[in-house]
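Take a look at the letters that make up each chain.
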Amino acid sequence: MSHPIRVSEIFGPTIQGEGALIGQPTVFVRTGGCDYRCAWCDSLHAVDADYRHTWAPMQAEAVLAEVARLSGGRPILVTLSGGNPAIQPLGPLIEAGRTQGYRFAMETQGSVARDWFADLDMLVLSPKPPSSGMGVDWVAFGACLSAAGEVRAVLKIVVFDEADYQWAREVAGRYPSLPLYLQPGNHTPPPPGDDAAAVDHAGIEARMRWLVGRVVADGWYGATVLPQLHVTLWGNTRGV
Ligand code: SF4
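In this text the structure is predicted, and so the values were computed from the model without any measurement.

A. Summary view of the site of the ligand. In the vicinity of the ligand, the residues found are Cys34, Tyr36, Arg37, Cys38, Cys41, Val47, Gly83, Gln109 and Lys128. Of the residues in the shell around the ligand, the class split is five nonpolar, two polar and two charged.

Take a look at the structure:
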């Protein structure tokens with residue numbers, strides 16, 4: 001038996017709400033545990049150790065069986081999220097799923113590289129900007145890109161303010177060949193255990209308009225600016 005995966009939640013099908021695969025039907029597998037603690041994390045139920053008791057240790061076969069149950073047995077895009085899914089042993093899940101026709105996209109901050117990144121269909125690297133309170137280890141980040149090899153890799157950066165925006169420009173300069181997605185941050189993330197917490201939609205939309213304005217004013221035509229569609233549709237509600 002392989003090491004179990006710590007699973008916070010498996011849900012769907014729904015649509016991917018952000019980034020390069022926005023709008024695509026998918027089942028989410030959210031793993032528990034993260035080596036970061038971002039100031040505005042919107043998934044604290046999968047990060048905070050107080051919620052560790054809710055993270056189920058599951059074998060890859062059991063995870064895949066649940067994904068198949070949810071998708072009606074039809075192959076679907078599986079989105080590996082967290083927490084930081086890179087700290088979980090996901091290689092056997094991806095290998096088994098791909099033989100059954102499932103596709104796998106994973107989002108990680110890029111702090112831990114794994115050789116199984118090369119088996120993904122897409123790697124979304126989401127380095128955290130200054131407003132997160134976290135720092136990026138660019139050596140580890142580069143190792144993640146190297147591990148992905150020929151796999152399609154994209155950058156996604158959450159932007160809350162001008163300092164984040166300028167930082168995103170620097171990151172784009174560092175990795176000019178990677179598609180880059182900018183996303184206005186949600187400054188009203190749910191406290192863990194309260195997914196009914198109100199979202200400041202007007203505030204997020206104002207940040208989106210500001211972000212579009214900054215990109216256009218700078219002639220930064222290589223960037224793609226997208227809102228979090230699931231937040232627009234469902235607020236902070238989990239499992240959708
Ligand atoms: S890396 Fe992601 S999951 Fe981890 S604390 Fe930051 S926002 Fe939350």
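B. Structural detail: the packing of aromatic side chains. This structure, assessed with the given rule, holds nine aromatic pairs. With a centroid separation of 5.0 Å and an interplanar angle of 70°, the aromatic rings of tryptophan 138 and phenylalanine 141 are classed as edge-to-face. Taken together, the positions of tryptophan 138 and phenylalanine 141, both in helix H3 (residues 138-148) and three residues apart, correspond to about one turn of that helix. Positioned above the aromatic ring of tryptophan 138, the side-chain terminus of arginine 174 is 4.3 Å from the ring centre.

C. Fine view of the pairing of strand E5 (residues 103-108). Where strand E4 (residues 77-81) and E5 come together, four bridges link them in parallel fashion. Bridging from a neighbouring strand, valine 78 pairs with phenylalanine 104 of E5. Since E4 and E5 lie parallel, the crossover through helix H2 (residues 91-99) that links them has a hand, and here it is right-handed. Judged from the four bridges that link them, E5 and strand E6 (residues 122-125) form a sheet pairing that is parallel. Each bridged residue has a counterpart across the sheet, and for alanine 105 the counterpart in E6 is methionine 122.

D. How the structure looks around helix H4 (residues 162-174). Across its 13 residues, H4 extends 19 Å between first and last C-alpha, which sits within 8% of the 18 Å expected from 1.5 Å per residue. For H4, every residue scored as buried is listed here: Asp164, Tyr165, Trp167, Ala168, Val171 and Ala172. In an axial view of H4, the angular spread of the buried residues amounts to 160°, which keeps them on one side of the axis. Among the exposed residues of H4, those pointing more than 90 degrees away from its buried face are Glu170 and Gly173. Summarising the contacts, the buried residues of H4 are in contact with H3, strand E7 (152-159), strand E8 (180-184) and helix H5 (201-217). Its side-chain oxygen 3.3 Å from the backbone nitrogen of alanine 163, aspartate 161 forms the N-cap of H4.

E. A look at the sheet that holds E6. The strand order across the open sheet formed by nine strands is E3-E1-E2-E4-E5-E6-E7-E8-E9, and the pairing between neighbours is mixed. Strands with a single pairing partner mark the edges of an open sheet, and in this sheet they are strand E3 (56-58) and strand E9 (223-225). The average undirected angle you get between the axes of adjacent strands in this sheet is 30°. Relative to E9, E8 is paired through three bridges, and the arrangement is parallel. Looking at E9, one finds that leucine 182 is bridged to valine 225. Of the strands in this sheet, E7 and E8 touch H4, which is tilted by about 160° from E7. Against the sheet, H5 makes contact with E7, E8 and E9, and its axis sits at roughly 140° relative to E8, the strand it touches most.

Rules of the game
- Residues numbered from 1 in each chain as written.
- Predicted model: local features only at pLDDT ≥ 70, side-chain atom pairs only at ≥ 80, totals over all residues.
- Heavy atoms only, no water.
- Near = heavy atom within 4 Å.
- Nonpolar A, V, L, I, M, F, W, Y, C, P; charged D, E, K, R; others polar.
- Phe/Tyr/Trp six-rings, centres within 6.5 Å; stacked < 30°, edge-to-face > 60°.
- Helix = DSSP H or I, 4+ residues; strand = E, 2+ residues; numbered from the N terminus.
- Lys NZ or Arg CZ within 6 Å of the ring centre and 35° of its normal.
- Pairing = 2+ DSSP bridges.
- Right-handed = clockwise from strand over helix to strand, strands pointing away.
- Expected span 1.5 Å × (residues − 1).
- Buried < 20%, exposed > 50% of the residue type's maximum accessible area, 1.4 Å probe, protein only.
- Arc of directions from axis to C-beta.
- Contact = heavy atoms within 4.5 Å.
- Polar contact = N/O pair within 3.5 Å; in protein donor to acceptor, adjacent residues only side chain to side chain.
- Axes fitted to C-alpha atoms, helices over the stretch in contact; angles between N-to-C directions.

In short, shape yes, function no, at least from these values alone.
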